[in-house]
Structure formats: structure tokens, C-alpha cells
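Descriptive analysis of the structure
Each chain is listed here by its residues.
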Amino acid sequence: MGNVHPDAIITDPCQSINVATAEVMPNTIHRYCIWHIFSKLPLYLSGVRPSKIARGEFKSMVLDSITVKDFERKWTEYIARMFVHQYELAIIAKHEKELEADYRSKGFQIVCESMFKWEKQAIQCYTRTVYEFFKTRLRKLYDCEVSNPDDHQVVPVLRNSSCKWFESRGILCFHILKILSHKKIDKIDERYMLTKWRSNVIRPHLNRFHQVGYPNMTPEYKTYRSMLKYFDMACDIALGTSVKVQYVKHSLKKMVHNLQN
């Protein structure tokens, strides 16, 4: 080329070409081939939903931008829109998992594996997932020996167990459970049943976020939600009037009795 560098060069995205172009032709404008850019959109936008629309908007943004300023403005709007959309999808997925977990916790009966009353307390208090984790601690209790249980005061042990399981995970360790069993303590103090692990935690944002449910719900859960809608409606109407509250309670008790017989 007679040692005359071109004003511009178009190549496919390649790090080796980038380095060579910058070294040999430092004053040449280096651009990527639009075909190669578009061909890789399915790869880079595969996690964006809906990906087909995202690819179409990206192509339109590139091809319809006349100036650099115009492109940069559209690019900023595109990134912001895609981020918000992906964030909303992530929130929906998170809430869907919470709803399913809530259903599993309330929809199935769990049988105690031991004779300890505080295991029943854990079943009633914890979500199903947390209880299953608690149960692994309970099973280890039988492999734990206490040299002299009379030397252990319950409160200090609860606060200062050597494994620090409660401090790090918020669930009592089998060392503490062993002391409780030796001391014949039937109930775990409520302060050691952390609120974040409880099945009765009220999360009103779930109903407000998507009242009709989610597309991936199981048929059983859809049925559960359809019945729960009327229960919530009855509670909303009754709240604030003691007579109506008592009527709802009486009706529910009668309904449960009839269903069980």
C-alpha cells in the first residue's frame, strides 16, 4: 500500500488484530464488522428475556443511529431498560420460590423423629427447608456426649457454644440440643428461634407483587392459591369488627370439622 495507512479498517472482533492494528496503523480508525457483531448477539444476549426482542432493539439502535451522540443516548436507554427488566424478572423468580416454599411448609404434615417436645416446636415454627436443616443437627445429638451435664448452665451454653453454629447460622447446634435434653428442657426460648427462619413471617409484598400467581406454578399450588384468595378476602372484610371476626373463626372451625369427617 506504499506505506500509506488507510483511514479506516473493518475486521471481526479479535484481540490479536486489535493489538496488531494499534501497533502498525496507530492513526487508522479500527471498526468491527457489523455482521460479526450481530452474529454474536444470541450468545451475549441469551440471558436476556425476551432475547429475540432484545436482539431486535439492539440491531435497530445500531443501524438507525446517525451520530455518535444519538447512539450513545440510545445505548444508555437500552442498558437501563434491559437492566430494569432483568431485575424485575429476577424479583419475580425470587418471589415465586418463596411462594412455593411457603406452600411446601404449610401444605404437608411433618412427623417428629424424636420424643423431644422442642422438635415439635421447631416443626411448628420453622419453614420446611429450615426444619430439614435443623433435623440434621438433631440427628447428630445422638453422637454427642456430655462429660458432666450438671456442670453446664443452659443460658451460658446457648450463648457460648464452642462451635458458634448459632452465631453463624442462626440455628441451634447439636451441642446445645444435647444440653437441653440432659436438662429435660421441653421448650426452646423464643429468642433462639429467629424470625427470619419462621414459617409465619408475613410477607405482604408477595400478594401485592403478583396477585394472580406465577406462570410456573404447579397445579396443586394454583388450587391452593385460588382457595386462599377467598380466605384473604374474608379476613379483610372481618378485620376491625369483633363480631365478624368471631363469625369467620366459627365458620372456619365448622368447615374444618366437616372436611375432616
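Residues numbered from 1 in each chain as written. Predicted model: local features only at pLDDT ≥ 70, side-chain atom pairs only at ≥ 80, totals over all residues. Heavy atoms only, no water.

**Comments concerning the UniProt feature "domain: MULE transposase" (unreviewed entry) in the chain**
Where we set the bar: UniProt positions are given in the numbering used here, feature names are shortened, and annotations may be inferred rather than shown by experiment. Put simply, DSSP marks the helices as runs of H or I at least four residues long and the strands as runs of E at least two long, and each gets a number from the N terminus on.
When the UniProt feature table is mapped onto this chain numbering, "domain: MULE transposase" (unreviewed entry) sits at residues 4-39. For the annotated span residues 4-39, helix accounts for 44% and strand for 22% of the residues, and the straight-line distance between the end C-alpha atoms is 32 Å.

**Focus: the nonpolar core**
For clarity, the threshold we go by: In plain words, nonpolar cores are sets of buried Ala, Val, Leu, Ile, Met, Phe, Trp, Tyr and Cys residues tied together by side-chain atoms within 4.5 Å. The rule is simple: take the accessible area with a 1.4 Å probe, protein chains only, and divide by the maximum for that residue type; under 20% is buried, over 50% is exposed, in between is partly exposed. By definition in these notes, contact holds between two residues if any of their heavy atoms fall within 4.5 Å.
If you look at the biggest cluster of nonpolar residues, it comprises 24 residues, and the most contacted ones within it are Trp118, Tyr126, Phe134 and Leu172. Residue assignment for this core shows that the elements contributing at least two residues are helix H6 (117-125), helix H7 (128-140), helix H9 (165-169) and helix H10 (174-182). Contacts of phenylalanine 134, omitting those with residues within four sequence positions, involve Trp118, Ala122, Tyr126, Ile171 and Leu177. Counting residues in hydrophobic clusters, the runner-up holds 8 residues, among them Leu41, Ala54, Met61 and Met82.

**Describing the pattern of salt bridges**
The cut-off we apply is this: Any Lys or Arg side-chain nitrogen found within 4 Å of a carboxyl oxygen on Asp or Glu counts as a salt bridge.
Evaluation of the coordinates by the stated rule reveals 4 salt bridges. The residue arginine 73 makes a salt bridge to glutamate 77 at a minimum N-O spacing of 3.4 Å. With a gap of 4 residues between them, arginine 73 and glutamate 77 both fall in helix H5 (residues 68-107), about one helical turn apart. A residue is classified by how much of its surface remains accessible, and arginine 73, at 43% relative accessible area, is partly exposed.

**Structural notes on unusual backbone geometry**
Here lysine 184, not a glycine, exhibits a phi torsion of approximately 55°, which is positive. Structurally, lysine 184 can be placed in the loop between H10 and helix H11 (204-209).

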